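Per-entry structural report
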Amino acid sequence: MTVTIAGSGLAELTCAWLLASRGHRVRLRPRPSYGPRPLLLGEDTLALLRALWGVASPADGHRLTHRHVRWAPGPPDPPLAHPAVVLDGALLCRRLLDRLCAHHPDAARPERAPAEPDPEPDLEPDLEPDPAGPPHWTVTAEPPTGHPGEHWTAGRRHLLAGEAPLAPGQDATTARLDRTDLAWLHLTPLGNGRALLQAMVPGPVARPAELLGRLLATSELAPRLLHAPETAVALPAAPRLHLLPATAPSTCTPGTLLVGAGAIRYDPLSGTGTAQALRTAILAAALIGSAAAATPPDLLCAYYAARLRTAFQEHLATCARLYPQAFPDPSWQHELNACGWPGTPLTG
């Protein structure tokens, strides 16, 4: 089959790699890179990447050895051994894209951008059409916009994030999770004396850097930074499920498979968002393989949606168990209600 991969995130590239390895023709349509993106990968996720791509763990990431958690009121738990690597997610994706094109030059074909008008048409040959014909499927992590009813979002919480220097003498090998009455905060050492500070708050924020600084000041993490982040972003971070993550091909249009956060987004507290994104890629590649073997696409798409729905309900059950332990404050009541409880029907 011929498949368009519309994007260049981990889930999209992994799906492309699996499809090309199985003999499918892949058209690559990478997205432009928007600069470095810190990515924290635990041992389980690194093992999954190694198994899927046949690559060693990145040698140039910053290695962490422990995790220190204070989730409920009172003293923190003892530090736990928790090996992990912090690396640039954008750089990792560029390397995987290079590996894909090098190992499968015939199967993985970069899709050309629309050509500019040629001022000297007689001097340039025409572009050859793709001999494989139009694509049967499109795989992407970016669903079409403008249809808010196609998502089920469990809350309105936002993640604040900014970088700041570590204070002199601070441990650069331990990630730390702390809580206040209004937020949880996570401090991730990045190496070279820098750290990423994140905070989850129960709603949208107009001035993220200002609020992040105030939250840090009330947290036990404050002495570990030289100062609060001077700039910060606020990103929607509530769990989200696309209600139509797979559509079957028709006579006129290719089928569509959403992967990664475009299909299902986990609360960052879980620490398993990247692994879940890779699992959507595995499932999408298997679906396309089954469709090529003449399994009805409609049935495969229904199965894909059901698998994601089950994973989402399990994730909500985890959130519903953890968040009430940390946030009795009324400002969090909407988020606690949005998580639901195990057995609660999932509706839009």
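Residues numbered from 1 in each chain as written. Predicted model: local features only at pLDDT ≥ 70, side-chain atom pairs only at ≥ 80, totals over all residues. Heavy atoms only, no water.

1. Here's the deal with the packing of aromatic side chains
Scanning all chains against the criterion turns up 7 aromatic pairs. With a centroid separation of 5.3 Å and 25 degrees between ring planes, the pair formed by Y323 and W332 is classed as stacked. No difference in accessibility class separates Y323 from W332, as the two residues are buried. Among the aromatic residues, those joined into a cluster by ring pairs are W71, Y323, F327 and W332. (Phe/Tyr/Trp six-rings, centres within 6.5 Å; stacked < 30°, edge-to-face > 60°. Buried < 20%, exposed > 50% of the residue type's maximum accessible area, 1.4 Å probe, protein only.)

2. Some words on the nonpolar core
Of all hydrophobic cores here, the largest spans 56 residues; its most connected members are L257 and Y304. Core analysis: the second largest hydrophobic core is formed by 17 residues, L160, A164, A195 and L197 among them. (Core = buried A, V, L, I, M, F, W, Y, C linked by side-chain atoms within 4.5 Å.)

3. So, the pairing of strand 12 (residues 194-201)
In terms of burial, strand 12 is largely enclosed, as 7 of its 8 residues are buried. With 8 bridges joining them, strand 9 (residues 158-165) and strand 12 adopt antiparallel strand pairing. The residue of strand 12 that forms the bridge with L159 is M200. Both strand 11 (residues 184-191) and strand 12 contribute to a ladder of 7 bridges, which runs antiparallel. (Helix = DSSP H or I, 4+ residues; strand = E, 2+ residues; numbered from the N terminus. Pairing = 2+ DSSP bridges.)

4. Regarding the sheet that holds strand 9
Taken together, the 8 strands give an open sheet; going across it, the order is 3-5-4-10-11-12-9-13, and neighbouring strands pair in mixed fashion. A single partner strand is all that each edge strand has here, and the edge strands are strand 3 (38-42) and strand 13 (233-236). Between one strand axis and the next, the sheet turns by 30 degrees as a mean value, whatever way the strands run. Sitting on the sheet, helix 3 (residues 89-103) touches strand 3 and strand 5 (80-88), and the angle it makes with strand 5 is about 70 degrees. (Axes fitted to C-alpha atoms, helices over the stretch in contact; angles between N-to-C directions. Contact = heavy atoms within 4.5 Å.)

5. A closer look at the packing of helix 1 (residues 10-21) against helix 2 (residues 43-53)
In the contact formed by helix 1 and helix 2, the axes pass within 10 Å of each other and the chain directions differ by 30 degrees. Of the possible angle classes, the one that applies to helix 1 and helix 2 is roughly parallel. Contacts from L10, L13, T14, W17 and L18 of helix 1 reach helix 2 at L49, L52 and W53. Tallied by class, the residues present in the contact of helix 1 with helix 2 amount to 7 nonpolar, 1 polar and no charged. (Parallel < 35°, antiparallel > 145°, perpendicular 65-115°, else oblique. Nonpolar A, V, L, I, M, F, W, Y, C, P; charged D, E, K, R; others polar.)

6. Description of the side chain of Q276
Among the secondary structure elements, Q276 is positioned in helix 5 (residues 273-292). Overall, the relative accessible area of 8% leaves Q276 in the buried class. Apart from the residues lying within four places of it in its own chain, the contact partners of Q276 are I264, Y266, L308 and A311.

7. So, the pattern of salt bridges
Within the structure shown, the criterion is met by 12 salt bridges. Measuring nitrogen to oxygen at the nearest pair gives 2.8 Å for the salt bridge that ties E335 to R157. Placement of the pair is E335 in helix 7 (residues 333-339) and R157 in the loop between strand 8 (151-153) and strand 9, with a sequence separation of 178 residues. Residue class for E335 comes out buried when judged on its relative accessible area of 1%. We classify R157 as buried; its relative accessible area is 1%. In this structure, the salt-bridge partner of D171 is R176, at a minimum N-O distance of 3.8 Å. Owing to a relative accessible area of 10%, R176 belongs among the buried residues under this scheme. Through salt bridges that share partners, E12, R31 and E142 make up one connected network. (Salt bridge = Lys/Arg side-chain N within 4 Å of Asp/Glu carboxyl O.)

8. Details of the environment of L40
Tracing the backbone shows L40 in strand 3. Sequence separation between L40 and L64 is 24 residues; the distance between their C-alpha atoms is 9.4 Å. Apart from residues lying up to four places away in sequence, L40 is in contact with L64, A84, V85, V86, H186 and T188.

9. Regarding helix 5
Compared with the 28 Å implied by 1.5 Å per residue over 20 residues, the 29 Å span of helix 5 between its first and last C-alpha is a close match. In the stretch just after helix 5, A294 is the one whose phi turns positive, near 80 degrees. (Expected span 1.5 Å × (residues − 1).)

From the geometry alone we can't say anything about function, so treat these as descriptive.
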